[in-house]
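Given next are the chains, with one letter for each unit.
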Amino acid sequence: MAAVTAAMVKELRSATDAPMMDCKKVLVEADGDMVKATELLKARGIAKAAKKADRVAAEGLAGIMIADDFSKASVIEINSETDFVAQNEGFQNLVKNSAKEVFTNQPADVAAFMASDFGADFTAQVIKIGEKIEVRRFNTLAADATTALNGYIHSNSRIAVIITAKCDSEKTAEGMRATLKQVAMHASAMKPTTLSYKDFDAAYVTSETIGRIEVIKKDNEELARLKKPLKNVPQYISMSQLTEDVLAQAEADIKATLKEQGKPEKIWDKIVPGSLARFISDNSTLDKEQALLEQNYVLDEKLTVAQAIDKAAKALGGTAEITEFVRLEVGEGIEKAEDNFAAEVAAQMG
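Residues numbered from 1 in each chain as written. Predicted model: local features only at pLDDT ≥ 70, side-chain atom pairs only at ≥ 80, totals over all residues. Heavy atoms only, no water.

Visitor: Quick question: what am I supposed to make of the overall build of the chain here?
Guide: Across its full length, the chain carries 14 helices and 8 strands. On C-alpha atoms alone, the chain measures out to a radius of gyration of 28 Å, which is more than a quarter above the 20 Å that the 2.2 N^0.38 rule sets for 350 residues. Along the first, second and third principal axes, the C-alpha set of the chain runs to 105 × 60 × 30 Å. Residues classed as buried in the chain amount to 38% of the 350 residues present. Considering only contacts in the chain between residues 6 or more positions apart, those separated by 24 or more positions represent 66%. Put simply, the chain shows about 20,400 Å² of open surface, and 53% of that area lies on carbon and sulfur atoms. The distance from the centre of the 44 positive side-chain charges to the centre of the 54 negative ones in the chain is 5 Å. (Helix = DSSP H or I, 4+ residues; strand = E, 2+ residues; numbered from the N terminus. Rg over C-alpha atoms; globule rule 2.2 N^0.38 Å. Buried < 20%, exposed > 50% of the residue type's maximum accessible area, 1.4 Å probe, protein only. Contact = heavy atoms within 4.5 Å. Areas by Shrake-Rupley, 256 points an atom, 1.4 Å probe, with all protein chains shown as cover. Lys, Arg positive; Asp, Glu negative; His and termini not counted. Charge placed at Lys NZ, Arg CZ, Asp CG, Glu CD.)

If you want it as structure tokens, here you go:
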């Protein structure tokens, strides 16, 4: 049997980043054959990752890459098991390089990403890191000459947003980039799930309406018990439900109330628009929570995001309308498994 020297262990460790004791063990098994020892490490690295396949990778980082000329931008989410690994420089570089790969080669999906030459290198890096790491999702947006594009990644690198807006001219598109970055920052904080209320599925809106009304009713039971003012129970929660007939009935109800209050009919036209606007606001809470264009803009809450975009474009002498956005938040929608430490120790002792 060939003698395994410290120099051989050091060489293998340097080439693979594997722990020293593992390097020594496989060198002994491989009778000093460096190639065979490397293959053994790779095989065990993969086996180690497979053993952890039941663990949930819900930590990690988001990455972003924006073209210098703002013609294209890509975002990616890569998950790890622990936040500790996410703080590792090797993992951070892996995310950065993966964002560049998506930006440059635009793989069709995660499977295509992993099947590429870069994907093979990605797997090798994962083996070195020694933890379950997964590419969860990525996306790319592109812009032509009259489309503004920008993006934002939060300081913790866990939320990344890219956004585009169609403009009337190249001049407006260039001028709107700064506003789009601010809207991307807004989206990172306010968590919109869709662009407009028009995107909501009717069944989803119906389900949400029933659920929200029941919650408010239960809240009101407790408020009544405490003899506190009750919350308004809305009839609707989205503009998608506010048909012409619904709005016409709301206006008629407002006028009937004004008549009951003895308000002179000649001043109704000054009161009705504001009352109708409040009715719409009270009955479109879902839109404000989840639809980007209908959310109150964080930098000016008197405006919706759509209105803020329109105002910024007008200041440039043009028009602009947000057409797409992508928001990735690390771990969003992933249910983390609860660690059972006692069971884990028992399994390792068994």
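Still more to cover.
Visitor: Even after reading the chapter, I still don't get the pattern of salt bridges, so can you show me in this structure?
Guide: Charged atoms that come close allow side chains of opposite charge to pair. Scanning all chains against the criterion turns up 15 salt bridges. Note that E77 is salt-bridged to R136, the shortest N-O span being 3.3 Å. Taken together, the residues E77 in strand 2 (residues 72–80) and R136 in strand 3 (residues 133–142) connect sequence positions 59 residues apart. One salt bridge connects E208 with R212, and the closest N-O pair in it is separated by 2.9 Å. Of the two residues, E208 and R212 both sit in helix 9 (residues 202–225), 4 residues apart, roughly one turn of that helix. By relative accessible area, E208 is classed as partly exposed at 23%. (Salt bridge = Lys/Arg side-chain N within 4 Å of Asp/Glu carboxyl O.)

Visitor: Help me understand the packing of helix 5 (residues 89–105) against helix 7 (residues 117–129), please; the structure alone is not making it clear to me.
Guide: Two numbers describe a pair of packed helices, the interaxial angle and the distance between the axes. Orientation of helix 5 relative to helix 7, taken along the N-to-C sense of each, is 170 degrees, at an axis distance of 11 Å. The orientation of helix 5 with respect to helix 7, classified from their angle, is roughly antiparallel. Residues F91, L94, N97, S98 and E101 of helix 5 touch helix 7, and the partners they reach there are F118, F122, Q125, V126 and I129. For the contact of helix 5 with helix 7, the class distribution of residues is 6 nonpolar, 3 polar and 1 charged. (Axes fitted to C-alpha atoms, helices over the stretch in contact; angles between N-to-C directions. Parallel < 35°, antiparallel > 145°, perpendicular 65-115°, else oblique. Nonpolar A, V, L, I, M, F, W, Y, C, P; charged D, E, K, R; others polar.)

Visitor: Please explain the sheet that holds strand 5 (residues 159–167) as it appears in this structure.
Guide: Strands in a sheet are paired, the pairing made by backbone hydrogen bonds, and the direction either parallel or antiparallel. Spatially, 4-5-8 is the arrangement adopted by the 3 strands of the open sheet, whose pairing is antiparallel. The open sheet has two edge strands, strand 4 (147–153) and strand 8 (320–329), and neither has a second partner. The average undirected angle you get between the axes of adjacent strands in this sheet is 15 degrees. The pairing of strand 5 with strand 8 spans 9 bridges and is antiparallel. Its bridge partner lying in strand 8, V161 is registered against R327. (Pairing = 2+ DSSP bridges.)

Visitor: Got a minute to help me understand the sheet that holds strand 2 in this structure?
Guide: Taken in spatial order, the 3 strands make up an open sheet running 1-2-3, and their pairing is antiparallel. Each edge of the sheet is formed by a strand with only one pairing partner; in this case those strands are strand 1 (59–66) and strand 3. Pairs of neighbouring strands in the sheet enclose a mean axial angle of 10 degrees, with direction left out of account. Here strand 1 runs beside strand 2; their pairing, made up of 8 bridges, is antiparallel. Bridge pairing in strand 2 places L61 opposite I78. Contacts from helix 5 reach strand 1, strand 2 and strand 3 within the one sheet, and its direction differs from that of strand 2 by about 140 degrees.

Visitor: In this structure, what is going on with the packing of aromatic side chains? I would like to understand it.
Guide: To describe a pair of aromatic rings, one takes the distance between the centres and the angle between the planes. Considering all chains together, one arrives at 4 aromatic pairs under this definition. Consider the rings of F113 and F118, whose centres lie 5.5 Å apart with planes at 70 degrees: the pair is edge-to-face. Under the relative-accessibility criterion, F118 is labelled buried at 16%. With a centroid separation of 5.9 Å and 80 degrees between ring planes, the pair formed by F113 and F122 is classed as edge-to-face. We note that F113, like F122, is buried. The structure contains a cluster of three or more aromatic residues connected by ring pairs, namely F113, F118, F122 and F138. (Phe/Tyr/Trp six-rings, centres within 6.5 Å; stacked < 30°, edge-to-face > 60°.)

Visitor: Just checking my understanding: could you explain helix 2 (residues 20–29) for this structure?
Guide: Since the α-helix turns once every 3.6 residues, residues separated by three or four places project in the same direction. Listing the buried residues of helix 2 in full gives C23, V26 and L27. Take helix 2 and look down its axis: the buried residues cluster within an arc of 105 degrees, on one side only. Where helix 2 ends, the next residue or the one after it, D31, has phi of about 55 degrees, a positive value. (Arc of directions from axis to C-beta.)

Visitor: Teacher, can you tell me more about the nonpolar core here?
Guide: Soluble globular proteins tend to pack their nonpolar side chains together in the buried interior. If you look at the biggest cluster of nonpolar residues, it comprises 26 residues, and the most contacted ones within it are I163, M176, V183, L292, I309 and I322. Of all the secondary structure elements, the ones that give two or more residues to this core are strand 4, strand 5, helix 8 (170–190), helix 13 (305–315) and strand 8. Here this core gets 6 residues from one element, more than from any other, and that element is helix 8. Those residues within four positions of I309 in sequence are excluded, and the remaining contacts are M176, T179, L180, V183, A320, E321 and I322. Ranked by size, the runner-up nonpolar core spans 17 residues in total, among them A86, F91, V102 and V126. (Core = buried A, V, L, I, M, F, W, Y, C linked by side-chain atoms within 4.5 Å.)

Visitor: Would you mind showing me how to read helix 13 here?
Guide: Among all positions in helix 13, only V305, A308, I309, A312 and A313 are buried. Buried residues of helix 13, viewed axially, fall in a sector of 130 degrees; they line one side. The exposed set on the far side of helix 13, more than 90 degrees from its buried face, consists of K311, K314 and A315. Where helix 13 is buried, its residues meet helix 8, strand 6 (296–297), strand 7 (300–304) and strand 8.

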